[in-house]
Protein chains: 2
Amino acid sequence: MYYIGIDLGGTNIAVGVVDEDGKIIAKAETPTLVKRDYREIVKDMAMAAQKAMDEAGVKVSDIKSIGIGSPGTIDRKNGIIVYANNLFWRNVPLREELQKYLNVPVYIDNDANVAGLAEHVSGACRGVDNSITLTLGTGVGAGVVINGKLYIGTFGAAAELGHLIIEADGLPCTCGSNGCFEQYASATALIREGKKAVAENPDSLIAKLVEGDPEKVSAKVVIDAAKEGDPTAKAIFDKYIHYLAIGIVSIINAFDPAIIALGGGVSKAGSFLLDAVVGEVKKYVYGEGREFAKICLAELGNDAGIIGAAMLGKVN
Amino acid sequence: MYYIGIDLGGTNIAVGVVDEDGKIIAKAETPTLVKRDYREIVKDMAMAAQKAMDEAGVKVSDIKSIGIGSPGTIDRKNGIIVYANNLFWRNVPLREELQKYLNVPVYIDNDANVAGLAEHVSGACRGVDNSITLTLGTGVGAGVVINGKLYIGTFGAAAELGHLIIEADGLPCTCGSNGCFEQYASATALIREGKKAVAENPDSLIAKLVEGDPEKVSAKVVIDAAKEGDPTAKAIFDKYIHYLAIGIVSIINAFDPAIIALGGGVSKAGSFLLDAVVGEVKKYVYGEGREFAKICLAELGNDAGIIGAAMLGKVN
């Protein structure tokens, strides 16, 4: 049997046919073209799924289930997207609509959870029962796997580790609280500090790399400048690593997982990021000399969305 | 069948015979008298267990297992207390020694976990799958129950929620990190701030209640003075509540449990504490209008140690 995984984004919809081992057999893509009636979007989604099945040489009867990784707030039980800001969706009956085209079970979960499940099944966290995948992107997302299953909590809102408060009364967060982890450890945090640097330190390599235009600052620019040894960029990067480590130490003290995998845009910095954060975590982790989570890079990149969504029907 | 639960403390050892529902049938107690050879302490423990069994009218053949709630670092698999500061124990083969007297399965876990399990089985958290019991005492301990079982993590060190970092680079903690939750939300934190108040505000009610002697400051004194409306005490209490709420919000965002129960010495403040913290949590919890954990007082008090220890053999 096979599974279909759908990575529903604000720009693109990526669909894949996935086997029992979490390997993608065939892929298809279609632009989301948001602001259309959701029925049109779901129709394109179904067509992309059909295309991927055709390419894989499988029929609907070979498909055990479809999984969808979606942004926003999800009513898993009823298969409804309650609210998804960047899709302009409110109370969209996604499961029901998709089943008009493909009459198989449909599972929906949020994109960070799905990425965590993917790394558990066939990525950096395979082979262990308890793992956490942090997605360091616009925000900080997390997928928590406990005893081999996604942990979603009692009201479906667990694993919001980007909203661990790591700095009491710190920077205001979109969630209504202050000092949340994602205000300090997301790509957005690096960009915010990089933009400040362009204004305050016009001689820094960051300013040079963006030709003085703060709007061109990306997480990559800040990290590249830090790699080159630029003092301004290095200071921003070191502070970023410090906060990232503080959040990871809290996560270790709470969940004590076997593996913590770092994914998302910032993780593209690779070993430059990883070595720094592992060193910093070691300074603060509780219990001298004890064993704790292996921290590593996520392995599946953009495919995590498809694979994890597909595996919703297998693992849960 | 029955279970024996042993609450092993630095001053007293409390033993109880507990039924399948987590109810104590008979109790016995013996002083720990630390600094003795551990064999003598374990012998007294076994004698207290025999006494409780006699009182309950049950025989060893009626006992399914013995559970022990212990301070310190525990090797659960081998039944060894690796290190327990206040017992002066290092690598004590507690299970093996106790089985010389009572040859039944012996389970050992730490006291905060055991309290969480007790509240799950027959206290404030009964009837739900996911719950967390916070013990607000000398430190902040936590017992995390997920899907009806104690969650101990991969290396046995999960649920150290007193060491969530809530104030980056804040007050130094005994764990080697800074800004840990327990530095702000333990009884110790209230005492520390109360002592400062005695020195800095000799007119405060706190100073009056302890007759100017900072060594007499307890969490109760500070809370009693706050209840009376003393401005100095109220400011300390409000700050304490703020930090307690910040930690609880992080716990909600991480674990999304059905219930969070507050136990330990500070929780004796009752509804004065509870109403304040519930109000403060509501200000910062993620997701407007959504359902989240019920916060309440733990119910079992000192019996939690016996009941939870006993239930180690039933639930795990």
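Along each chain, numbering runs from 1 in the same order as the chain's sequence is written. By the order in which they are written, chains take letters starting at A while ligands take numbers starting at 1. Given that the model is predicted, a residue must reach a pLDDT of at least 70 before its local features are reported, and side-chain atom pairs must reach 80 or more before they are shown or counted; all residues, however, enter totals for whole chains, interfaces and linings.

(A) Geometry of the overall build of chain A. Looking only at helices and strands, chain A has ten helices and 13 strands in total. Throughout, radius of gyration means the C-alpha value; the globule benchmark is 2.2 Å times the number of residues raised to the power 0.38. Computed over its C-alpha atoms, the radius of gyration of chain A comes to 20 Å, within 12% of the 20 Å expected for a compact globule of 316 residues. To sort residues by exposure, count the other C-beta atoms lying within 10 Å of each residue's C-beta; 20 or more gives buried, 12 or fewer gives exposed, and values between give partly exposed, all with C-beta atoms placed from the backbone. The buried share of chain A, taken over its 316 residues, is 56%. Secondary structure elements follow DSSP: runs of H or I of four or more residues count as helices, runs of E of two or more count as strands, with numbering from the N terminus.

(B) Looking closely at the interface of chain A and chain B. Contacts between the two partners involve 34 residues from chain A and, on the opposite side, 34 residues from chain B. With seven residues, the top contributor of residues to the side of chain A that touches chain B is helix 8 (residues 231-255) of chain A. Polar here means any residue other than Ala, Val, Leu, Ile, Met, Phe, Trp, Tyr, Cys and Pro, which are nonpolar, and Asp, Glu, Lys and Arg, which are charged; Gly is therefore polar. Along the lines of polarity and charge, the residues of the side of chain A that touches chain B split into 20 nonpolar, nine polar and five charged. Residues are defined as contacting one another if the C-beta atoms placed from their backbone atoms lie within 7 Å.

(C) Local environment of the domain arrangement of chain A. Residues and elements named next belong to chain A. In terms of domains, chain A is made up of domain 1 (2-118 + 303-315) and domain 2 (128-297). Taken together, the eleven residues of domain 1 in the interface contact 15 residues of domain 2. Here the side of domain 1 that touches domain 2 gets seven residues from one element, more than from any other, and that element is helix 3 (residues 111-122). Here the side of domain 1 that touches domain 2 is built from residues that sort into six nonpolar, two polar and three charged. Here the bounds of each domain stem from an automatic or database domain assignment.

(D) Seen up close, the relation of the copies chain A and chain B. Aligned on chain B, chain A shows an RMSD of 0.0 Å; the corresponding rotation is 180 degrees and the shift along the axis is 0.0 Å. The transformation just described matches what one would write down for a two-fold rotation axis. The overlap is high: 100% of the interface residues of chain A also sit at the interface in chain B, so the same surface is used on both sides. Each copy is superposed on the other by least squares, with the fit set by C-alpha atoms of residues at a pLDDT of at least 70 in both.

(E) Inspection of the sheet that holds strand 9 (residues 131-136) of chain B at higher detail. Residues and elements named next belong to chain B. One open sheet accounts for five strands, arranged 11-10-9-12-13; its pairing is mixed. For this open sheet the edge positions go to strand 11 (149-150) and strand 13 (294-297), each flanked by a neighbour on one side alone. Examined bridge by bridge, strand 9 and strand 10 (residues 140-146) share six bridges and lie antiparallel to one another. Bridged to threonine 133 within strand 10 is glycine 143. In the packing of helix 9 (residues 271-284) onto the sheet, the strands contacted are strand 12 (259-263) and strand 13, and the crossing angle to strand 13 comes to about 165 degrees. Any two strands with at least two DSSP bridges between them are considered paired. Fitted lines through C-alpha atoms give the axes, limited to the stretch in contact for helices. The angle between two N-to-C directions lies from 0 to 180 degrees.

(F) Structural context of the environment of leucine 117 of chain B. Looking at where leucine 117 of chain B falls in the secondary structure, it is placed in helix 3 (residues 111-122). Aside from chain neighbours lying at most four places away, what touches leucine 117 of chain B is Gly143, Val145, Leu150, Gly308, Met311, Leu312 and Val315 of chain B.

(G) Main features of the packing of helix 7 (residues 219-227) of chain A against helix 8 of chain A. All names here are of chain A. Packing of helix 7 against helix 8 leaves a shortest axis separation of 7 Å and a crossing angle of 115 degrees. Judged on the interaxial angle alone, helix 8 and helix 7 are roughly perpendicular. Pair helix 7 / helix 8 crosses with left-handed handedness. Each of Val222, Ile223, Ala225 and Ala226 in helix 7 lies in contact with helix 8, whose residues at this interface are Ala233, Lys234, Ile236 and Phe237. Grouping the amino acids of the contact of helix 7 with helix 8 by side-chain chemistry returns seven nonpolar, no polar and one charged. What sets the label is the angle itself: under 35 degrees gives roughly parallel, over 145 gives roughly antiparallel, 65 to 115 gives roughly perpendicular, and the rest give oblique. Helix crossings fall into two classes, left-handed where the near helix is turned counterclockwise from the far one by less than a right angle and right-handed where it is turned clockwise.

(H) Highlighting the packing of helix 8 (residues 231-255) of chain B against helix 9 of chain B. All names here are of chain B. One way to put it is that helix 8 packs onto helix 9 with a least axis distance of 8 Å and a crossing angle of 55 degrees. The angle between helix 8 and helix 9 falls in the class oblique. Crossing handedness for the pair helix 8 and helix 9: right-handed. Between helix 8 and helix 9, the residues in contact are Ile241, His242, Leu244, Ala245, Ile246, Ile248 and Val249 and Ala276, Val277, Glu280, Val281 and Tyr284, respectively. Taken together, the residues of the contact of helix 8 with helix 9 break down into ten nonpolar, one polar and one charged.

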